[in-house]
Amino acid sequence: MSEENIVTPQRKIGSGFGRDSTAAEVIAGIDLTGKTAIVTGGYSGLGLETVRALASAGAAVVVPARRPEHARDVLAAAGLMPATKRGDVSVAELDLADQASVKEFAAGFLAGAAPGTSRSLDILINNAAIMASPERRVGPGWESQFATNHLGHFALTNLLRPALAAAHGSRVVSLSSTGHKLSGIRFDDINFDSGYDKWRAYGQAKTANALFAVQLDALGRDFGVRAFAVHPGGIMTELQRHLPREEMIAAGWMDSYGKLDPRFKTPAQGAATSVWAATAPALEGMGGVYCEDCDIAEATVPGSSEARIRGVDAHAVDREAAARLWQMSAEMTGINAFR
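Structural notes, computed from the coordinates. Nothing here was measured: the structure is a model prediction, and the numbers come from that model.

**A look at the packing of aromatic side chains**
In this description, a pair of aromatic rings is defined by centroid distance and the angle of the planes.
Turning to step 1, where the next piece is worked out: Applying the stated rule across the entire model yields seven aromatic pairs.
Turning to step 2, where the next piece is worked out: Between F192 and Y196, the aromatic rings sit 6.1 Å apart at their centres with planes inclined by 75°, giving edge-to-face as the arrangement.
Turning to step 3, where the next piece is worked out: In this structure Y196 comes out as partly exposed when scored by relative accessible area, which is 22%.
Turning to step 4, where the next piece is worked out: Aromatic side chains W199 and Y202 sit 6.0 Å apart centroid to centroid with 85° between the ring planes, which places their arrangement in the edge-to-face category. In this pair, W199 and Y202 both sit in helix α8 (residues 198-220), three residues apart, roughly one turn of the helix.

**Regarding the environment of S118**
Turning to step 1, where the next piece is worked out: Assignment of secondary structure puts S118 in the loop between α5 (99-110) and β4 (123-126).
Turning to step 2, where the next piece is worked out: Since its relative accessible area comes to 56%, S118 is described here as exposed.
Turning to step 3, where the next piece is worked out: With 49 residues separating them in the primary sequence, S118 and A167 have C-alpha atoms 9.7 Å apart.
Turning to step 4, where the next piece is worked out: Not counting residues within four places of it along the chain, the set of residues in contact with S118 comprises A113 and A166.

**Considerations on the environment of G34**
Turning to step 1, where the next piece is worked out: Position of G34 relative to the elements: it lies in the loop between α2 (23-27) and β1 (36-39).
Turning to step 2, where the next piece is worked out: Classification of G34 by relative accessible area gives exposed; the value is 69%.
Turning to step 3, where the next piece is worked out: Note: C-alpha distance between G34 and G58 (24 residues apart in sequence) is 7.2 Å.
Turning to step 4, where the next piece is worked out: Excluding residues within four positions of it along the chain, G34 makes contact with G58 and D122.

Reading the values: rules and limits
Counting from 1, residues in each chain are numbered in the order their sequence is written. With the structure being a predicted model, the display of local features is reserved for residues of pLDDT at least 70 and the display and counting of side-chain atom pairs for 80 or more, all residues being used for whole-chain, interface and lining totals. Hydrogens and water molecules were not included; the side-chain quantities draw on all heavy atoms of the structure. Each aromatic pair joins two rings of Phe, Tyr and Trp (for Trp, the six-membered one) with centres within 6.5 Å, and gets the label stacked for planes under 30 degrees apart, edge-to-face for over 60, and tilted for any other angle. Whether a residue is buried, partly exposed or exposed follows from its accessible area with a 1.4 Å probe, protein chains only, as a fraction of its type maximum: under 20%, in between, or over 50%, in that order. In DSSP terms, a helix is any run of H or I states spanning at least four residues, a strand is any run of E spanning at least two, and both are numbered starting from the N terminus. Residues count as neighbours in contact if any of their non-hydrogen atoms are within 4.5 Å of one another.

Laid out in structure tokens, this is it:
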């Protein structure tokens, strides 16, 4: 197969949806009965809306959570547990910052199949994240944003490869953001040992999420796995929990009265691009691209008035950087299933 036929162009396809589309709108008419999905962080903000949409279409959705009882309470209050009108929603324990916890969750999921059968996973949405958090080290001294947002999901996806392959046409969605524009991958100082900057650390983690989709798609095709990176848009959720109100006002996200900038989306709108990337028939046979506003994004136009808020920067879809990051991640975690 020629290189041109393998690589999906980083340009819009005219999906018919847009910035204001909701998760319910993009999944309307799609039947996920008999399908299984995992949504990390699926009990808060846009993750909760993602779970709602997938379950409404009939999928059985597993929500990994660091605090399982809290997650069950939230999902029950949202009417998604103990069961929905269509797909079942369940919770299992997982701490993405703890590689042992990731391994335990993956083993538990894979073991859930009946004897003599293999469990399949049709959709994996790596949604959970921390943003601009105070400096913290986890595992063997890893910077926590990179470790949680990227390495946790890297290990999880690799460990779930048997289930993803068993679906014979699965999709993995990696939540990135325009935060990727704040930093490329600091290959020579990936853990910020030379001095911590919370926003550059977040930017590196979001670039890693985008590059992860690029390389996973390249490696996963032979296993029937396609991958997409997604910018959900600006949404006011628990993701901002580490940010003082004064900092958000200074950034222009809200005014002094707490009124949000009109560019912010609702959680239902924010979840739409993830749901679209995970389920849209229009993306059949595609992958390895960065998406926003329910379509494949265009490349950033450097120096343009929207360069900071729209499009994908070249460093976040660079295939050589993606391969290098994958190898580094495999060495850091000791896990590499797609080869």
